[in-house]
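# Structure assessment
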Amino acid sequence: MKKTFITMLLATLTLGAAAQTENPRGIYKMMTLTGKQGEIKAPFDQYKICTDSITMMVSVQNAFFNIVDNDKQVFNYTGDQPKSEAEKSTLIYDSNADHFTLKWWSENSHHLYFPDNDWCIEKYESGQYSDMGRIAFDALTGKAETDANNPLTGTWRLIGYVDELNNLKKEVAELRANYPKSKYYNSYYVMSPKNLVLIAGGRGGGIMNVEYYSKTSFKSNNITHNVKWLSKNCIAIDERQDYRIDWQILERVTDGTTPLSSIASQLLK
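Now for a quick tour of the structure. (Residues numbered from 1 in each chain as written. Predicted model: local features only at pLDDT ≥ 70, side-chain atom pairs only at ≥ 80, totals over all residues. Heavy atoms only, no water.)

A separate point is the pairing of strand β15 (residues 234–241). In terms of strand pairing, strand β14 (residues 223–231) meets β15 through four bridges, oriented antiparallel. Bridging from a neighbouring strand, Lys228 pairs with Ala236 of β15. Between β14 and β15, which pair antiparallel one after the other, the connecting turn spans two residues. Here eight bridges tie β15 to strand β16 (residues 244–252), and the two strands are oriented antiparallel to one another. Across the sheet, Ile237 pairs through a bridge with Gln248, a residue of β16. (Pairing = 2+ DSSP bridges. Helix = DSSP H or I, 4+ residues; strand = E, 2+ residues; numbered from the N terminus.)

A word on the nonpolar core. With 25 residues, the main nonpolar core has Met56, Val58, Phe65, Phe137, Leu140 and Ile199 as its most contacted residues. Contributions of two or more residues to this core are made by β3 (45–50), β4 (55–61), β5 (64–68), α2 (131–140), β10 (188–191), β11 (195–200) and α4 (259–267). If sequence neighbours within four positions are ignored, Met56 has contacts with Tyr47, Lys48, Ile49, Ile67, Val68, Leu260, Ala264 and Leu267. Met30, Ala42, Cys50 and Tyr124 belong to the second-largest nonpolar core, a separate cluster that totals 15 residues. (Core = buried A, V, L, I, M, F, W, Y, C linked by side-chain atoms within 4.5 Å. Buried < 20%, exposed > 50% of the residue type's maximum accessible area, 1.4 Å probe, protein only. Contact = heavy atoms within 4.5 Å.)

Positive phi, close to 55°, is recorded for Asn117, a residue that is not glycine. Tracing the chain through its elements places Asn117 in strand β8 (residues 116–126). Of the residues examined, Asn117 reaches a relative accessible area of 48% and is grouped as partly exposed.

Shown next as structure tokens:
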């Protein structure tokens, strides 16, 4: 059942794969906002991920991004008019696989852009990304560029930390067993030839440049990290804490799931 859900979710996130529909499905970037200042270019680097099961929002600011499910509804076509003057439910219209309009009732006071006790209108388009947004979504959806000659590139799942690289067979087995309930659940390293994207606990992440020295060391955020290969698909990355060294244990994602599908599954629970 879980595999079927993930397969369906990934299908809805494939841009351009679905036929034109009045229900928005895919990843959309906010292009304009109509509020206190009239219609203006989107003041935020903001995206909506629309699926048959959940709507997620991703906001990108500088080299950081955040994932939330604050819309609390699946975005299906509603038409552009409320049922009555007293009805303030969110509206979705002018919508298909390429674009949609979101109209929601704002009760924000003293906000720079959102009106107070009036409708706020946001227009979204698919296939549009900022430079940082593109890197973030490539990492989230498993489309980040990899290097066939560099085994460090790819998507890695952080399963936990160990103090020393001793008795690792037992410790790694325990980390795997405890992973679904650990604070590292849905935490990933996505390494491409130019960028390292860290996703922390399925709620957000950071984007950094990366420079590889070999398959056993790389530099990111001006810090050089050493890598110990525990097996073909399992590595330990050192993390210096004052005068001590801890080791992050990462396992390569090989089951076809993406960080975004795992995050969505968790949010639906």
